[in-house]
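Remarks on the overall topology
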Amino acid sequence: MYSGFIGMLFRWQHKLLSPKIYVNCQKVLEIGPGFEPHIKFTKLKYKEYYCLEIDKNIEYKNYYKNNFPRIIFDTYD
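A short tour of the structure in this document, coming up. Computed from a predicted model, the values in this text were never measured in an experiment.

Let's shift gears to the packing of aromatic side chains. Evaluated as defined, the whole model comprises eight aromatic pairs. On the basis of an interplanar angle of 85° and a centroid distance of 5.5 Å, the ring pair of Tyr63 and Tyr64 is categorised as edge-to-face. For the pair formed by Tyr63 and Tyr64, the shared burial category is buried. Put simply, the rings of Phe35, Tyr60, Tyr63, Tyr64, Phe68 and Phe73 pair up and form one aromatic cluster.

Looking now at the side chain of Glu30. Mapped onto the elements of the fold, Glu30 is located in strand β1 (residues 27-31). If near-sequence neighbours (up to four positions away) are discounted, Glu30 is found in contact with Glu36, Pro37, His38, Ile39, Tyr49, Tyr50, Cys51 and Leu52.

Next up on the list: a nonpolar patch on the surface. Side chains of Phe5, Ile6, Met8, Leu9, Trp12 and Leu16 sit close together on the surface and give an oily, nonpolar patch of about 650 Å² of accessible area. With respect to the helices and strands, Leu9 occurs in helix α1 (residues 4-16). In this structure Leu9 comes out as partly exposed when scored by relative accessible area, which is 35%.

Taken together, three strands build an open sheet; the order of strands is β1-β2-β3 and the sheet is parallel. Pairing within the sheet leaves two strands with one partner each, and these edge strands are β1 and β3 (71-75). When the angles between neighbouring strand axes are averaged without regard to direction, this sheet yields 15°. Against the sheet, helix α2 (residues 58-67) makes contact with β2 (48-53) and β3, and its axis sits at roughly 175° relative to β3, the strand it touches most.

Criteria and thresholds
- Residues numbered from 1 in each chain as written.
- Predicted model: local features only at pLDDT ≥ 70, side-chain atom pairs only at ≥ 80, totals over all residues.
- Heavy atoms only, no water.
- Phe/Tyr/Trp six-rings, centres within 6.5 Å; stacked < 30°, edge-to-face > 60°.
- Buried < 20%, exposed > 50% of the residue type's maximum accessible area, 1.4 Å probe, protein only.
- Helix = DSSP H or I, 4+ residues; strand = E, 2+ residues; numbered from the N terminus.
- Contact = heavy atoms within 4.5 Å.
- Patch = residues over 30% accessible without salt bridge, like charges linked within 9 Å, V, L, I, M, F, W, Y side chains within 5 Å.
- Areas by Shrake-Rupley, 256 points an atom, 1.4 Å probe, with all protein chains shown as cover.
- Salt bridge = Lys/Arg side-chain N within 4 Å of Asp/Glu carboxyl O.
- Pairing = 2+ DSSP bridges.
- Axes fitted to C-alpha atoms, helices over the stretch in contact; angles between N-to-C directions.

Keep in mind that these numbers describe shape and distance, not what the molecule does.
Printed below as a string of structure tokens:
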């Protein structure tokens, strides 16, 4: 999904969602990141970063634990 022209549009969208006023946020809440959290595409400075996903697939939890240990990841319904 993040390759080719469509991938370029998705990456550009992530940058638009992070104007400079949000660069130094203390806390960030991302809802529905899937396997492509916003933090992969932007340079945010944060103290706490939370991701909430509706899909309870254990692969998500393992993915965040292995690739983004500072992100607090959880599922919800």
